[in-house]
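Residue-level structure breakdown
Okay, here's what each chain looks like letter by letter:
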Amino acid sequence: MRHDISHLVDGATYRYGNPFALWRWMRENEPVVWHEPGIFPGFWSLTRFDEVREVLRDATTFSSSSGILLRPLAQGEDPGSNRTLALSDPPRHNVLRGAIAGWFAPRNLRLLAQSLNSAAHSIVREAVRASRIDFVTDVAAKLPLEVVCTFLGIPDEDRPSIVEWSTDAFCAGTAEERSIAHLQILDYFGDLVERRRVEPGEDLVSVLAGVRFEGEHLPLDEVVLNCDNLLVGGTENVRLAMSGGMLALLERPEQWALLRDGFDDVVDSAVEEILRWTSSATHILRRAQRDVVLGGQRIRRGDLVVCWLTSANRDPAQFADPDVLDVRRTPNRHLALGAGPHYCVGTQLAKLEIRAVLGEFFAQVGQVAVDGEPEYLDSIVVNGLRRLPLRLTAADRVPSSAHRTLAGIPG
Ligand code: HEM
């Protein structure tokens, strides 16, 4: 029986349904398939690892500049099109990426590691004190937001507002509340960019405010959109990977024990497996720049192509026992962070943050149990937990986190 592939673009599938069963059927039966236009424009779905990787690696044939996420037709073009890092093709992409990449390089992460680990230590300590927590908002959301605020040079006194607006922008009950919170963030960045243009600091907002393309500074709204993308990119996916990873480990006591008992040996492969397993960026969109054949189907110039990353990361042709979480899995060349020229610039930072929280959890927490029904997001863009209630007790002895300060940073 043919499955109804339209469920892929229904947020309810990710909250209440089982997209993995649908993706499995698509990989086996219709790995490259056309979706007729409806609420969304018409597009091709790619669900197998090989075709997804081929598209992501070839930024000349598959452009990012008209948007990288499916948008309802009624919403029109993405305002970031051809303006933000993620939504640019060369040469603009190279200029923007070159301007910020150094901030995410191992040299800079080494400088940051101590404060990152001590922030993780305090966040987990607070959680243990509270004893009953929502892991998503009380732990997983906090560290990435703190770190990205540091990168962007957001003054300490403004951070509570950013935390409040970001929480509302991601998690508020209605679309209107989410959109109001998002506008508050954009307004805030508008003011901050203007201040940094007059008085630059040592931060990414100042870097972006100073970028020149073809001799001209970027207009204010472009700088603001790039700051906003960093805030969203740097927080949302890390929060989802950490929370999904925590639940997956709690549901598999033998995997939990493997990581806890051999932390230093297992943590690198465990973080990689958490990224593959959670694959929180559900899809990435591209537009074909020429006619091309993919998986036996002719894609026409101008067609939209959707890469379902979460499906590619469960492809049995690439991963042995893909539906098994294995914290010691190697090799593990997943696509959770993309591939090719747009490969996630925050990769090492994300891994460091997940590692820091896991390390602090094993060090400070004695008993931990899921304390209520986990809730999932209703979104086709990112998938994962909206809420993960946990009950914690403190460990008998809490070691210092200092020994892990520089671990996990390559080279
Ligand atoms: C678990 C965490 C993360 C996941 C799953 C994730 C996922 C991704 C993916 C799939 C892409 C590729 C987009 C494309 O090909 O069009 C990407 C790009 C990007 N990510 Fe991440 N990301 C994570 C963490 C971060 C962090 C911590 C930051 C920054 C603080 C960040 C900033 C970005 C930016 C700016 C891009 C665009 C890069 C470019 O177009 O050159 N991400 N991310």
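To start, this report covers the structure provided alongside it. Quick caveat, the model's predicted, so the values are computed rather than measured.

Attention shifts here to the overall build of the protein. Each helix and strand counted, the protein has 15 helices and 14 strands in total. For 411 residues, the compact-globule estimate of 2.2 N^0.38 gives 22 Å, and the protein sits close to it at 21 Å. Seen through its C-alpha atoms, the protein measures out along the principal axes to roughly 60 × 60 × 45 Å. Taking all 411 residues of the protein together, 55% fall into the buried category. The contacts in the protein between residues at least 6 apart in sequence include a share of 71% that link residues at least 24 apart.

Attention shifts here to the pattern of salt bridges. Pairing between side chains of opposite charge can happen when the charged atoms of each approach one another. Scanning the entire structure with this criterion turns up 22 salt bridges. With a closest N to O distance of 2.2 Å, Glu222 and Arg92 form a salt bridge. Here Arg92 lies in helix H4 (residues 92-101) and Glu222 lies in helix H11 (residues 220-250), a separation of 130 residues in the sequence. By the burial criterion, Glu222 is buried, and Arg92 matches it. The residue Asp371 makes a salt bridge to Arg391 at a minimum N-O spacing of 3.7 Å.

Our focus in this paragraph is the site of the ligand. Around the ligand there are 28 residues in total, and His93, Arg97, Arg286, His342 and Cys344 lie nearest to it. In this structure, His93 approaches the ligand through a side-chain N or O atom, which is 2.6 Å from an oxygen atom. For the ligand, a nitrogen atom lies 3.4 Å from a polar atom in the backbone of Gly233. Only H4, H11, strand E7 (283-288) and helix H15 (347-364) provide two or more residues apiece to the shell around the ligand. When residues in the shell around the ligand are grouped by element, the largest group, 6 residues, is from H11. Classifying every residue of the shell around the ligand gives 18 nonpolar, 8 polar and 2 charged.

Parameters at a glance
Residues numbered from 1 in each chain as written. Predicted model: local features only at pLDDT ≥ 70, side-chain atom pairs only at ≥ 80, totals over all residues. Heavy atoms only, no water. Helix = DSSP H or I, 4+ residues; strand = E, 2+ residues; numbered from the N terminus. Rg over C-alpha atoms; globule rule 2.2 N^0.38 Å. Buried < 20%, exposed > 50% of the residue type's maximum accessible area, 1.4 Å probe, protein only. Contact = heavy atoms within 4.5 Å. Salt bridge = Lys/Arg side-chain N within 4 Å of Asp/Glu carboxyl O. Near = heavy atom within 4 Å. Polar contact = N/O pair within 3.5 Å; in protein donor to acceptor, adjacent residues only side chain to side chain. Nonpolar A, V, L, I, M, F, W, Y, C, P; charged D, E, K, R; others polar.

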